[in-house]
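Structure at a glance
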Amino acid sequence: MIEIINKYGIYGKYIFLICTIICVIFFLKKKSIMPINKFKPLSIIIILGILLFVGVGIAVITIVTSNNASNWYLKKMNYNQLLKYSKGDSQTIAFIDSGISDAYAKKLGDRIVGKYNVLDDSENTNDYNGHGTEMVSIACGDGYNEVYGIAPKAKIIIVKAISDEGLTNNDYLLKALQYISNSKATIVNISLGGMNYSEQVVKQIAEMQRQGITILAAAGDYDNKDLLFPASLETVIAVQSINEKGTLWEECNITMDKKESIVKYPGVDIESLTVENDKLISTISSGTSQSTAIASGYVALIKDYYKKLHKSEIEYDYLLELMKNNTNKGYVKSFDLIKKDNSR
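Residues numbered from 1 in each chain as written. Predicted model: local features only at pLDDT ≥ 70, side-chain atom pairs only at ≥ 80, totals over all residues. Heavy atoms only, no water.

1. Structural notes on the environment of Tyr222
- On the secondary structure map, Tyr222 appears in the loop between β5 (214-218) and β6 (237-242).
- Remark: the alpha-carbon pair of Tyr222 and Glu251, spanning 29 residues in sequence, is separated by 5.8 Å.
- Apart from the residues within four sequence positions on either side, Tyr222 is in contact with Leu228, Glu251 and Asn253. (Helix = DSSP H or I, 4+ residues; strand = E, 2+ residues; numbered from the N terminus. Contact = heavy atoms within 4.5 Å.)

What follows is the structure, given as structure tokens:
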């Protein structure tokens, strides 16, 4: 039954229900419980009971299959256990993207501690594209509309550097980074990239890394052998996407270079919030943008836990080591290692 529903979606539910009713009627006729020309009271009660049972079963299966489709990564990451270690309270994630829906910004309230639009040098960061809203909800969602972010207590800075048509450039990226450099951000999520190199951006990122700011960027969704810029930089943690089986997403960019700062995180069938006709809706999407947002949320948890436990900031190399090992040892394992390690 689950296979039918998974394969045919909502139509599968109706197909299953109709087939069940036909089978019930055939069975009752066969057993002479329900004559062809009239219903007996007992037969009506039996039919209603069976239909109620089937309805409840479909409802339960719908919930289960829905969760399997959209929340597999939360189960894989042992989300509930992660939140026992940290919710990212002490961290601030800056998102360089298309902004955030005004409606969603209101729901997040004072968790948003900064807003800047590099396109027109204003504080208007309303998102008409939807991409930025998706990334914020994946990394920092608090459960609104059943979308749970990896770091549900982290602070948020919104920097709009992508136009409503989805376009950006290195000048916008540089301006965004310069703004963030002067903020209280501890993590930067760059779920974008391009093929054009910028020496100014490289220098700005290097300076931000010296400040202790962790920068993550999407590897790219073009199925080629070159990472997008700035994910190609060693000073940036490049994030690739994996699916539920733990294998690399087929459209993910790869690299033939010996880049150390590259990690793999869930990025297929990820649930988020987005904007459609100025309305906030739930959606499921895939890509290295999504895996970057998940990785950024995870970094917030690690940095927060380490800071509270050791009263200091985690070193970049150790953070990267933990991020690269967790896919094999489990995402919770990083926190156990931090707890046991008193030498740092």
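From this point, things continue past the structure.
2. Here we look at the side chain of Thr292
- Relative to the helices and strands, Thr292 is located in helix α9 (residues 288-310).
- For Thr292, a relative accessible area of 0% translates into the label buried.
- Here Ala218 takes part through its backbone nitrogen, which lies 3.4 Å from a polar atom of the side chain of Thr292. (Buried < 20%, exposed > 50% of the residue type's maximum accessible area, 1.4 Å probe, protein only. Polar contact = N/O pair within 3.5 Å; in protein donor to acceptor, adjacent residues only side chain to side chain.)

3. Some points on the confidence of the model for the protein
- A residue-level look at the protein finds 78% of positions with pLDDT of 70 or above and a mean pLDDT of 85.
- Taken as a whole, residues 1-14 scores under 50 in pLDDT and shows 13 contacts with residues more than four places along the chain or in a different chain.
- Below pLDDT 50 for its whole length, residues 58-69 participates in 15 contacts with residues either more than four positions away or in separate chains. (pLDDT = per-residue confidence, 0-100.)

4. Describing the pattern of salt bridges
- Under the defined criterion, the tally for this structure stands at 6 salt bridges.
- Here Arg210 and Glu207 are joined by a salt bridge, their closest N and O atoms 3.1 Å apart. Here Glu207 and Arg210 lie together in helix α8 (residues 199-210), a separation of 3 residues that amounts to about one turn.
- Several salt bridges share partner residues, and in doing so they unite Asp89, Asp304 and Lys308 into one network. (Salt bridge = Lys/Arg side-chain N within 4 Å of Asp/Glu carboxyl O.)

5. Some thoughts on the sheet that holds strand β1 (residues 92-97)
- With respect to topology, 7 strands assemble into an open sheet ordered β2-β3-β1-β4-β5-β6-β7, the strand pairing being parallel. With one partner strand each, in any of the chains shown, β2 (112-117) and β7 (262-266) form the two edges of the open sheet. Ignoring strand direction, the axes of neighbouring strands in this sheet form an average angle of 25°.
- Pairing between β5 and β6: 3 bridges, direction parallel. Across the sheet, residue Leu216 finds its bridge partner in β6, namely Ile237.
- Each of β1, β4 (187-190), β5, β6 and β7 touches α9; the most contacted strand, β5, lies at about 160° to it. (Pairing = 2+ DSSP bridges. Axes fitted to C-alpha atoms, helices over the stretch in contact; angles between N-to-C directions.)

6. Here's the deal with helix α6 (residues 131-140)
- Counting buried positions along α6 yields 9 of 10 residues, so the element is predominantly enclosed.
- The set of residues buried in α6 consists of Gly132, Thr133, Glu134, Met135, Val136, Ser137, Ile138, Ala139 and Cys140.

7. With respect to unusual backbone geometry
- For the peptide bond that leads from Phe229 to Pro230, omega is 15°, which places it in the cis range.
- Mapped onto the elements of the fold, Pro230 is located in the loop between β5 and β6.
- At Asp269, a position not held by glycine, the phi torsion is positive, near 55°.
- With respect to the helices and strands, the residue Asp269 is situated in the loop between β7 and β8 (270-276).
- We classify Asp269 as partly exposed; its relative accessible area is 36%.
- With a phi angle near 65°, Asp278 is a residue other than glycine that sits in the positive phi range.
- Tracing the backbone through its elements, the reader meets Asp278 in the loop between β8 and β9 (279-285).

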